[in-house]
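Geometric and topological summary
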Amino acid sequence: MMWYDGGWGWGGWFIIAMFMVLFWALVIAGIVALVRYLSGAHHDRQSARPLSSDEQGWGSTRAEDLLAERFARGEIEEAEYKRRLALLREHR
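For clarity, every value in this text was computed on a predicted model and none was experimentally measured. (Residues numbered from 1 in each chain as written. Predicted model: local features only at pLDDT ≥ 70, side-chain atom pairs only at ≥ 80, totals over all residues. Heavy atoms only, no water.)

What about the overall build of the protein?
Basically, it comes down to this: Each helix is a run of H or I in the DSSP string that is no shorter than four residues. Each strand is a run of E no shorter than two, and both are numbered from the N terminus. Accessible area is worked out with a 1.4 Å probe on protein chains only. A residue is then buried under 20% of its type maximum, exposed over 50%, and partly exposed in between. Calculation of accessible area relied on Shrake-Rupley with a 1.4 Å probe; when residues are assessed, cover is drawn exclusively from the protein chains displayed.
The secondary structure content of the protein amounts to three helices and zero strands. Each helix and strand of the protein, ordered N terminal to C terminal, gives the series α-α-α. Evaluated residue by residue, the protein yields a buried proportion of 11% over its 92 residues. As displayed, the protein offers around 8,400 Å² of accessible surface, 65% of which is attributable to carbon and sulfur atoms.

Quick word on the confidence of the model for the protein
We apply this condition: What pLDDT expresses is the predictor's confidence in each residue, scored from 0 to 100.
The pLDDT averaged across the protein works out to 79; a share of 67% of its residues lies at or above 70. Here helix 1 (residues 9–47) stands out as the element of the protein with the lowest mean pLDDT, 84, in contrast to helix 3 (residues 78–90), whose mean of 91 is the highest.

A word on the pattern of salt bridges
Applicable threshold: For this analysis, a salt bridge means a side-chain nitrogen from Lys or Arg found within 4 Å of a carboxyl oxygen belonging to Asp or Glu.
Tallied over the entire structure, the rule returns seven salt bridges. One salt bridge connects E78 with K82, and the closest N-O pair in it is separated by 3.0 Å. With E78 and K82 both in helix 3, this residue pair falls four residues apart, about one helical turn. Between E80 and R83 there is a salt bridge; the shortest N-O distance is 2.9 Å. Of this pair, E80 and R83 both sit in helix 3, three residues apart, roughly one helical turn. When its relative accessible area of 23% is taken as the criterion, E80 is described as partly exposed. Taken together, the salt bridges that share partners define one network made up of E69, R70, R73 and E75.

See the structure below:
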């Protein structure tokens, strides 16, 4: 009995094996990306919680903390920080 290999020989089997590895790698990468995306969306919803009554308004500690963070990062100068802090505390 003779088999016709279509001219591909062992190279055909090698190419098929490589495509199978590539296919399963893409499937696994897609599943990992989907899980990371869905878990990241869950964390974003938690951080977007409504402010409690003590976190709302002009004189909240949260506003002062955010202002201090901006000053620490160098986004605003010392004079601007002091002016805004005084404004926040004035309206407390």
